[in-house]
Amino acid sequence: MSKKPFYITTPIYYPSGNPHIGHCYTTVACDSIARYRRMQGYDVMFLTGTDEHGLKIEQKAAEQGVTPKEYVDVIVDKFKSLWKYMNISYDRYIRTTDDYHVESVQKIFKTLYDKGYIYKGEYSGKYCTPCESFWTDSQLDENGCCPECHRPVTFAKEEAYFFKMSPFAERIEKLLTETDYLQPKTRATELVNNFIKPGLEDLCVSRTTFKWGIPVTFDEGHVVYVWIDALSNYITAMGYENSAYNDFEKYWPADVHMVAKDIMRFHAIIWPAMLMALELPLPKHLAIHGWITMNGEKMSKSLGNVVDPFVLGERYGCDAIRYHILREMALGADSSFSNEIMINRINSDLANGFGNLVSRTVAMADKYFGGTLPEERLEADIDKDFISVVTALRSEVDKYMDETKLKSVLEEIFKVVDRANKYIDETEPWKLGKNEADKPRLASVLYNLLEAIRVISTLLSPFMPTTMPKVWEQIGASAEDATYDNADKFGVLPKNVTVHKGEILFPRIDVDKEIDELNAILQKNMEEAQSKLSAEEKGEAPAEPIELAPEITIDDFAKVEIRVAKVIACEKVKKSDKLLCLQLDDGMGGRQVVSGIAQYYTPEDLIGKKIQLIANLKPVKLRGVESNGMICAADTPDGVKVIFVDDSIPVGSKIR
Ligand code: ME8
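Residues numbered from 1 in each chain as written. Predicted model: local features only at pLDDT ≥ 70, side-chain atom pairs only at ≥ 80, totals over all residues. Heavy atoms only, no water.

### Looking at the site of the ligand
Around the ligand there are 26 residues in total, and Ile 12, Thr 26, Asp 51, Ile 292 and Met 299 lie nearest to it. A distance of 2.5 Å is found between an oxygen atom of the ligand and a side-chain nitrogen or oxygen belonging to Thr 26. The contact in question runs from a nitrogen atom of the ligand to an N or O atom on the backbone of Ile 292, over 2.7 Å. Considered on its own, the ligand offers 670 Å² of accessible surface; in the complex 97% of this is hidden by protein. Taken together, the elements giving at least two residues each to the shell around the ligand come down to strand S1 (5-13), helix H1 (21-40), helix H7 (226-231), helix H8 (233-236) and strand S11 (256-260). Across the shell around the ligand, the residue classes break down as 14 nonpolar, 8 polar and 4 charged. (Near = heavy atom within 4 Å. Polar contact = N/O pair within 3.5 Å; in protein donor to acceptor, adjacent residues only side chain to side chain. Areas by Shrake-Rupley, 256 points an atom, 1.4 Å probe, with all protein chains shown as cover. Helix = DSSP H or I, 4+ residues; strand = E, 2+ residues; numbered from the N terminus. Nonpolar A, V, L, I, M, F, W, Y, C, P; charged D, E, K, R; others polar.)

Dropping the structure here:
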């Protein structure tokens, strides 16, 4: 009988900085699900990759003086080596710069155009480069910045193609509210209220002001909007509209797309609309998780507050990291990253809980029976409850796995770890070991523990794939013993099983010492990462490209008299929201200047301060009030800022 297909995807990540623990979360979660489904007998396709086009990448490459492709090649290698290090078992890796993907996206764009869903118009609005997102004025935050990352947006006005979203609004609303597409479904309300109810706006799907994207075949100068390009990866990687692969029929629709909440809108609204327009079936589930946060903010390469997974992996092993991030994050909620929580979790669950269970059991089998259990046994009533808890575990795990609740899966498994440690306390095998007559009972107790460890380690193996084979080695389980089919059975290990004492699976960590060392390393890495960020990413510089006015000569400049002046008095100009009237001591008898800064400064902010005055400007009247000159100020993303002058510089000094 052929195996049932199961298709799972991570987002394709932007290779615009090194991967961090945040990226690891989605990838490790998908990897664990993929491994679990393989163990259940599915024919799994696990896809991940990188989203390599867009203005952000073009700008980063330009900063480093390399081509965009050269730039991404280096980072893609880092992503791939991290996935290797974290033991990620992806089946396919897509790069949106791959030829087959480019070809498919061009065909998809043309098909949408031919069907009348894409039309040409003009875009005029705001664009957030770090998020590669278009926004209308009403969507911007209270500071006029991107509503998602809160960084400055640029103004974009250009000829562009648009994708009609409204024909799909009703179907999308039903998809979100009446089906199991969204996991967790509680997210549906915010999507419907924020995006569908106000009327789905057509989406701008091409750009002309930069080059690093997939060219629109039928209109030179346009490149496909990076999100249309990126979302298509889920089908192009299976061979949709290309001959590189032939898996589309088999794997589409995907069983699970997993993404974090920041890109939920693209996957819950735009992606279904694209698929509806292409008349393709919709994916079965969109699993949305929260962010790993650091000091209350999303961990993100553009905020520079990232934790390097290589640093943690080297110290504790990749399985401990995999376990920690999955165990801490409840589906839908954020999870705050802290070294203390991580180390305590590793100590309590892995070293003291599971690791100790394995080492104690194996050590006792070794000590009392020379490693091989005798066949003679003595069962007791107390065993029955323990055995039933162990054999019931698999169905609990299955239930939560179907809901993509990995934290709950791990909680259930560790309840059984605790139960097994309690069984040791209840049966006191060290006492049984002292008395020859109790040996049959001791053999039963140790066998039951080994069986519990077999079941637990089998169900844990998708989450901690490096360590569990070592456990099987220690408890004398063969590959055939540690299967999904055997994970709800008891009595699978041979009666006379032989154990092998081995290395400590999860060494206990000295919390205080470790936290100091780790905080120092992570702090250093974060400072380095921060210093590498461009000014724009730190939110320091206006994101708009700077266009200089036509050149002037030094003689032209000499015509402008800039002098230091002091604000003596200041008041708002009547019937104006914008104008302030300032009385200045200019070292020449004083003057009055009107300035459009009332939205940014109160009179009290200015009185007594020294400023730069353009002193030889022709007088004008503003709202009927005479202005004799102008004070210098800078336009910044946070509004207008007056250039104040150090108090030690005398009034009247000439600035040149
Ligand atoms: O958005 N906590 O790529 P991206 C948890 N290229 N998950 C995090 C995280 C954090 N702090 N930071 C990142 C893009 N992630 C697009 C996707 S898909 C068609 C295109 C994870 O590199 C999370 O899965 O910004 C999030 O959805 C993804 O990285 C975004 O990565």
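### Some words on the pattern of salt bridges
Following the criterion strictly, the structure yields 45 salt bridges and no others. The shortest N-O distance in the salt bridge between Arg 92 and Asp 247 comes to 2.7 Å. Here Arg 92 is found in strand S3 (residues 92-95), whereas its partner Asp 247 is found in the loop between H8 and helix H9 (248-251), with 155 residues between them in sequence. Accessibility classification places Arg 92 together with Asp 247 in one group, the buried group. (Salt bridge = Lys/Arg side-chain N within 4 Å of Asp/Glu carboxyl O. Buried < 20%, exposed > 50% of the residue type's maximum accessible area, 1.4 Å probe, protein only.)

### Concerning the domain arrangement of the protein
Entries for the protein in the domain assignment read domain 1 (338-486) and domain 2 (554-655). One C-alpha centre belongs to domain 1, the other to domain 2, and the line joining them spans 77 Å. (Domains from an automatic or database assignment.)

### Focus: the environment of Arg 377
Mapping Arg 377 onto the fold places it in the loop between helix H13 (339-369) and helix H14 (381-402). The spacing of Arg 377 and Ser 444 is 67 residues in sequence and 5.4 Å in space, taken between C-alpha atoms. The residues touching Arg 377, leaving out its near neighbours within four places in the chain, are Pro 440, Ala 443, Ser 444, Tyr 447 and Lys 495. One polar contact links the side chain of Arg 377 to the main-chain carbonyl oxygen of Lys 495, over a distance of 2.6 Å. (Contact = heavy atoms within 4.5 Å.)

### Re the sheet that holds strand S14 (residues 297-298)
By definition, the strands of a sheet pair up through backbone hydrogen bonds, in either a parallel or an antiparallel sense. Spatial ordering of the open sheet is given by S14-S13-S15, a layout of 3 strands whose pairing is mixed. What marks the edges here is a single partner per strand, and that holds for S14 and strand S15 (335-336). Across 2 bridges, strand S13 (residues 292-294) lies against S15 in parallel orientation. By the bridge assignment for S15, Ile 292 is matched with Ser 335. (Pairing = 2+ DSSP bridges.)

### With respect to the sheet that holds S3
If you walk across this open sheet you meet the 6 strands as S3-S2-S1-S11-S12-S7, and the pairing is parallel. Only two strands of the sheet have a single partner each, and these edge strands are S3 and strand S7 (182-183). Inspection of the sheet shows S11 paired to strand S12 (residues 285-289) by 5 bridges, in the parallel sense. In the strand pairing of S12, Ala 260 is matched with His 289. The strands touched by H1 within the sheet are S1, strand S2 (43-50), S11 and S12, with S1 carrying the most contacts at an inclination of about 170°. (Axes fitted to C-alpha atoms, helices over the stretch in contact; angles between N-to-C directions.)

### Regarding the environment of Leu 176
Following the sequence through the fold, Leu 176 ends up in helix H5 (residues 169-178). Once the C-alpha coordinates of Leu 176 and Ile 453 are considered, the two residues, 277 residues apart in sequence, prove to be 41 Å apart. Aside from chain neighbours lying at most four places away, what touches Leu 176 is Tyr 181, Leu 182, Lys 185, Ala 188, Leu 191, Val 192, Ile 196 and Ala 268.

### Let's talk about the packing of aromatic side chains
A complete count under the given rule lists 29 aromatic pairs for this structure. Both rings, one in Tyr 13 and one in Trp 83, keep their centres 6.1 Å apart while their planes meet at 50°; by these two values the pair is tilted. Here Tyr 13, found in strand S1, pairs with Trp 83, found in helix H3 (residues 68-85); they are 70 residues apart in sequence, far enough to count as distant. Take Tyr 13: its relative accessible area is 6%, and that puts it in the buried class. Seen from the ring of Tyr 127, Arg 207 lies directly overhead, with NZ or CZ sitting 4.1 Å from the centre. (Phe/Tyr/Trp six-rings, centres within 6.5 Å; stacked < 30°, edge-to-face > 60°. Lys NZ or Arg CZ within 6 Å of the ring centre and 35° of its normal.)

### Remarks on the state of the cysteines
Under the counting rule described, the total for this entry stands at 0 disulfides. In this model Cys 581 remains outside any disulfide bridge; the closest cysteine sulfur is found in Cys 570, 7.5 Å from its own. Taking the relative accessible area as the measure of exposure, Cys 581 reaches 7% and is therefore buried. Not engaged in a disulfide, the cysteine Cys 632 finds its nearest cysteine sulfur in Cys 570; these two sulfurs lie 16 Å apart. (Disulfide = S-S within 2.5 Å.)

### Concerning the pairing of S2
Where burial is concerned, most of S2 is hidden: 7 out of the 8 residues are buried. Relative to S2, S1 runs parallel, the two sharing 7 bridges. In the sheet register, Ile 8 faces S2, and the bridge partner there is Phe 46. Direction of pairing for S2 relative to S3: parallel, over a ladder of 4 bridges. Residue pairing for S3: Thr 50 is matched across the bridge by Arg 95.

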